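Understanding the architecture of this molecule
Residues per chain, in single letters:
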Amino acid sequence: MIRLSVPFRQALSRLTLPVMLMFSLGLVLIGRADQNFSGHMRAGLDDLLAPAYLLVSTPIEAAEHGTGMVGHLFDMQAENDQLREENASLLQWQAVAMALQAQNDALKATLHYVPSPAPRFYTGDVVADLGGVYARSVLVVLPVTTRDPDSMVGAVAMDGRGIAGRVVEAGARSARVLLITDLNSRIPVALGADGSPALMAGNNGTTPSLLYWAPGQPPAEGAMVLTSSVGGAFPPGLPVGVVHYDSPNDPVVLPLADLDSLRLLRLFSYPTNLPVLTPIPHSAPRLGHSRKR
Amino acid sequence: MSRGPTMRRRPGFWRRVDAASRYSFPAGFMLLGLFVIGMPFGFPGQAELRPVYAMACVFFWTLYRPASLPAPVVALTGLLLDLLGLSPIGLWAVLLLLLQAATDAARRRLIAQSFMRTWMIFVGLAAGLAALAWLSQSLLDLQLLPLSPVGVELLAAFGLYPALAGFFIRAHRGPAAVELA
């Protein structure tokens with residue numbers, strides 16, 4: 001060790017803070033210049049933290065269902081009755097759905113309908129609600145069978161009832177899903193039975209707002225909101241929510257997905273349905289990161 | 001304790017481990033707290049609590065034990081805060097270092113103040129930093145972000161500091177006291 005004089009050492013120790021400040025400012029600039037940099041760092045950190053969060057979130061999940069198992073015992077009878085009723089009504093709906101499915105198949109056959117390619121999907125636990133102050137996202141643990149995390153970026157995340165969001169970053173073990181309520185989320189939707197187009201934009205609240213609907217055709221209260229394939233960004237026909245008017249001229253979408261208590265998310269990676277303008281040999285092997293910018 | 005000048009041999013291994021653990025208590029507790037707050041408890045305002053917690057830790061320990069929280073550790077905490085909280089990378093590193101510089105500069109006067117004064121000064125600093133974070137993120141994202149989280153952070157700073165300070169003062173006299181190693 002070099003023996004430095006005490007005043008020199010004191011001066012050096014006073015320098016650490018300004019040097020770290022310069023370093024951090026440089027980091028801000030690098031982060032803005034290179035989007036992949038922060039994305040990879042976040043994905044790496046999430047991969048590190050995801051197993052720990054998974055370990056911790058199981059007891060939390062058990063605790064919040066009415067103080068765990070003990071709480072369940074007290075209202076088991078009432079829960080059973082309610083579940084029996086729900087079961088009966090769901091069986092009725094199943095019969096209706098099967099009849100509609102048969103009718104749908106018959107109509108599709110008549111029209112010579114060509115189905116869109118089926119998506120691959122993965123189911124993952126939601127381990128952490130790592131939303132920031134101005135962002136809404138959740139962390140999903142990817143199952144070990146996913147070999148290629150790059151293919152998960154852009155996957156549509158749905159819970160049991162409707163669209164919850166989209167995968168924006170994926171590491172080897174975890175994926176970050178940007179929810180539809182986030183400020184940066186812009187989803188093209190089709191409203192109602194006739195599928196009139198609009199844009200659903202998140203605003204960090206619980207209900208994303210509807211923008212850019214057709215002039216003279218305001219969305220109807222209670223109309224169903226499905227995704228539309230305008231722009232090739234989202235696969236069409238996925239359920240999103242229901243239109244609601246908070247105040248006149250201010251339609252919002254009440255999401256079908258239970259965004260406050262997401263526990264299990266299914267990530268569908270749809271093959272891209274944009275037209276191929278230049279022939280790309282599909283058998284070419286991908287050498288590491290093909291995202292070169 | 002006052003024994004006069006004697007030749008002291010190098011402290012033994014466990015003594016050094018003890019001293020090292022006391023030095024690392026503030027930084028370790030801060031990082032653990034950041035991790036714990038990220039867990040899916042689901043109460044409202046959880047995301048806003050994280051930067052306020054980091055600011056409270058940096059403020060308190062810079063005031064009372066600056067040797068335990070050197071600038072690189074604060075920069076690293078800011079980086080972790082950015083990665084966990086989805087803000088532009090490096091933003092909170094800059095802000096926490098600014099907080100440390102401000103607290104360091106005013107340390108002589110701040111240490112002599114009563115608890116209520118320190119509390120109010122912390123709330124003021126936290127409000128300023130939250131507003132600065134809102135402004136920087138709005139500028140960096142080129143989008144006017146909502147102001148309500150700044151209000152939530154203000155309330156969180158108001159409520160969190162006494163609770164944390166109560167715990168930290170006891171730590172300052174016990175587990176974090178390097179001179180008692």
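Residues numbered from 1 in each chain as written. Chains lettered and ligands numbered in written order. Predicted model: local features only at pLDDT ≥ 70, side-chain atom pairs only at ≥ 80, totals over all residues. Heavy atoms only, no water.

Membership of the largest hydrophobic core comes to 49 residues, with the highest contact counts inside it found for B:Met55, B:Trp61, B:Leu96, B:Leu97, B:Phe122 and B:Tyr161. Those elements giving two or more residues to this core turn out to be helix H1 (6–33) of chain A together with helix H1 (13–37), helix H2 (46–64), helix H3 (71–85), helix H4 (91–105), helix H6 (115–141) and helix H7 (148–173) of chain B. Residue contributions to this core peak at twelve residues, all from H2(B). Contact partners of B:Tyr161, with chain neighbours within four places excluded, come to B:Ala56, B:Phe59, B:Phe60, B:Phe115, B:Thr118, B:Trp119 and B:Phe122. Among the nonpolar cores identified, the runner-up in size contains 37 residues, and A:Val156, A:Ile187, A:Met200 and A:Ala223 belong to it. (Core = buried A, V, L, I, M, F, W, Y, C linked by side-chain atoms within 4.5 Å. Buried < 20%, exposed > 50% of the residue type's maximum accessible area, 1.4 Å probe, protein only. Helix = DSSP H or I, 4+ residues; strand = E, 2+ residues; numbered from the N terminus. Contact = heavy atoms within 4.5 Å.)

Residues and elements named next belong to chain B. Counted at 1.5 Å a residue, the expected span for H7 with its 26 residues is 38 Å, and the 37 Å between its end C-alpha atoms agrees. Along its length, H7 reaches its greatest deviation from straightness, about 35°, at Leu160, and the proline Pro162 lies no more than four positions downstream. Buried residues belonging to H7 abut H1, H2 and H6. (Expected span 1.5 Å × (residues − 1). Bend = angle between axes of the 7 residues up to and from the residue.)

This part takes up the layout of surface pockets. Counted as a void, the second largest pocket has a volume near 960 Å³. Lining the second largest pocket we find 33 residues, and of these A:Gln35, A:Ser38, A:Gly39, A:Arg42 and A:Glu169 sit closest to its centre. Elements with a minimum of two residues in the lining of the second largest pocket: H1, helix H2 (35–64), strand S4 (163–170) and strand S5 (174–179) of chain A together with H6 of chain B. It is H2(A) that provides the largest number of residues to the lining of the second largest pocket, a total of seven residues. Class assignment for the residues of the lining of the second largest pocket results in 13 nonpolar, eleven polar and nine charged. (1 Å grid on protein atoms, 1.4 Å probe; cavity = no way out; pocket = protein on both sides within 12 Å on 5 of 7 lines; lining within 4 Å. Points joined across faces, edges and corners; volume = space filled by probe spheres on them. Nonpolar A, V, L, I, M, F, W, Y, C, P; charged D, E, K, R; others polar.)

The next point concerns empty space enclosed by the protein. Under the definition given, this model contains two cavities of 30 Å³ or more. Computed from the structure, the largest cavity encloses a volume of approximately 130 Å³. The wall of the largest cavity is formed by 15 residues, among which A:Val133, B:Pro51, B:Gly85, B:Ser87 and B:Trp92 lie closest to the centre. Top element by residues in the lining of the largest cavity is H2(B). It accounts for three residues. Grouping the constituent residues of the lining of the largest cavity by class yields nine nonpolar, four polar and two charged.

Moving on to H6(B). Residues and elements named next belong to chain B. Here H6 spans 38 Å end to end across 27 residues, near enough to the 39 Å set by a 1.5 Å rise per residue. Inspection of H6 places Thr118, Trp119, Phe122, Val123, Ala126, Leu129, Ala130, Ala133, Trp134, Ser136, Gln137 and Ser138 among the buried residues, and these make up the whole buried set. Following H6 by one or two positions, Leu142 has its phi on the positive side, about 55°.

Each side of the interface is counted separately: chain B has 39 residues, and chain A has 36 residues. At the boundary of chain B with chain A, total buried surface from both sides reaches about 3300 Å², with 73% on carbon and sulfur atoms. Inspection of the chain B/chain A interface yields one salt bridge. Of the charged contacts, one joins A:Arg32 and B:Asp141 as a salt bridge, the two residues approaching to 4.0 Å between their closest N and O atoms. There are four residue pairs in polar contact (both at pLDDT 80 or more) connecting chain B and chain A. (Buried area = accessible area lost by both parts, 1.4 Å probe. Salt bridge = Lys/Arg side-chain N within 4 Å of Asp/Glu carboxyl O. Polar contact = N/O pair within 3.5 Å; in protein donor to acceptor, adjacent residues only side chain to side chain.)

What follows deals with the packing of aromatic side chains. Residues and elements named next belong to chain B. Taken as a whole and judged by the stated rule, the model has 17 aromatic pairs over all chains. Ring centres of Phe60 and Tyr64 lie 4.8 Å apart, and the angle between their planes is 50°; on these two criteria the pair is classed as tilted. Here the residue Phe60 and the residue Tyr64 both occupy positions in helix H2, the gap between them amounting to four residues, near one helical turn. Residue classification places Phe60 among the buried residues on the basis of a relative accessible area of 2%. Both rings, one in Phe115 and one in Trp119, keep their centres 6.1 Å apart while their planes meet at 40°; by these two values the pair is tilted. Of this pair, Phe115 and Trp119 both sit in helix H6, four residues apart, which is roughly one turn of that helix. (Phe/Tyr/Trp six-rings, centres within 6.5 Å; stacked < 30°, edge-to-face > 60°.)

Right, let's get into the environment of A:Leu191. Residue and element names in this part refer to chain A. Of note, Leu191 is situated in strand S6 (residues 186–191). For Leu191, a relative accessible area of 4% corresponds to the buried category. A sequence separation of 33 residues divides Leu191 from Met224, and the C-alpha atoms of the two residues are 6.0 Å apart. Once you skip the residues sitting within four places of it in the chain, Leu191 turns out to touch Ser196, Ala198, Leu210, Pro219, Met224, Val225 and Val243.

What follows is about a nonpolar patch on the surface. A cluster of nonpolar side chains, A:Ile2, A:Leu4, A:Phe8, A:Leu12, A:Leu15 and A:Val19, forms an exposed patch at the surface whose accessible area comes to about 570 Å². When you line up the elements, A:Leu15 lands in helix H1. (Patch = residues over 30% accessible without salt bridge, like charges linked within 9 Å, V, L, I, M, F, W, Y side chains within 5 Å. Areas by Shrake-Rupley, 256 points an atom, 1.4 Å probe, with all protein chains shown as cover.)

The subject of this paragraph is the confidence of the model for chain A. All names here are of chain A. Per-residue pLDDT for chain A averages 82, and the proportion of residues at 70 or more is 87%. Throughout residues 274–281 the model reports pLDDT below 50, and contacts reaching past four residues in sequence, or to other chains, amount to two contacts. Across residues 283–293, where pLDDT falls below 50, the model places six contacts with residues more than four positions away in sequence or in other chains. (pLDDT = per-residue confidence, 0-100.)

Take the pattern of salt bridges next. Residues and elements named next belong to chain A. Counted by the stated rule, this structure contains seven salt bridges over all chains. For Asp258, the salt bridge identified is with Arg161, shortest N-O distance 3.7 Å. Within this pair, whereas Asp258 is found in the loop between strand S11 (250–255) and strand S12 (264–269), its partner Arg161 is found in the loop between strand S3 (156–158) and S4, the two being separated by 97 residues in sequence. Here Arg176 and Glu169 are joined by a salt bridge, their closest N and O atoms 3.7 Å apart. Look at the salt bridges and you will find they share partners, linking Asp46, Glu169 and Arg176 into a network.

Turning to the sheet that holds S12(A), a few remarks are in order. Residues and elements named next belong to chain A. Strand order in the closed barrel formed by six strands is S1-S2-S5-S4-S3-S12, and the pairing between neighbours is antiparallel. With strand direction ignored, the average angle separating the axes of adjacent strands in the sheet is 40°. The pairing of S3 with S12 spans three bridges and is antiparallel. Residue pairing across strands places Ala157 opposite Leu267, the latter belonging to S12. (Pairing = 2+ DSSP bridges. Axes fitted to C-alpha atoms, helices over the stretch in contact; angles between N-to-C directions.)

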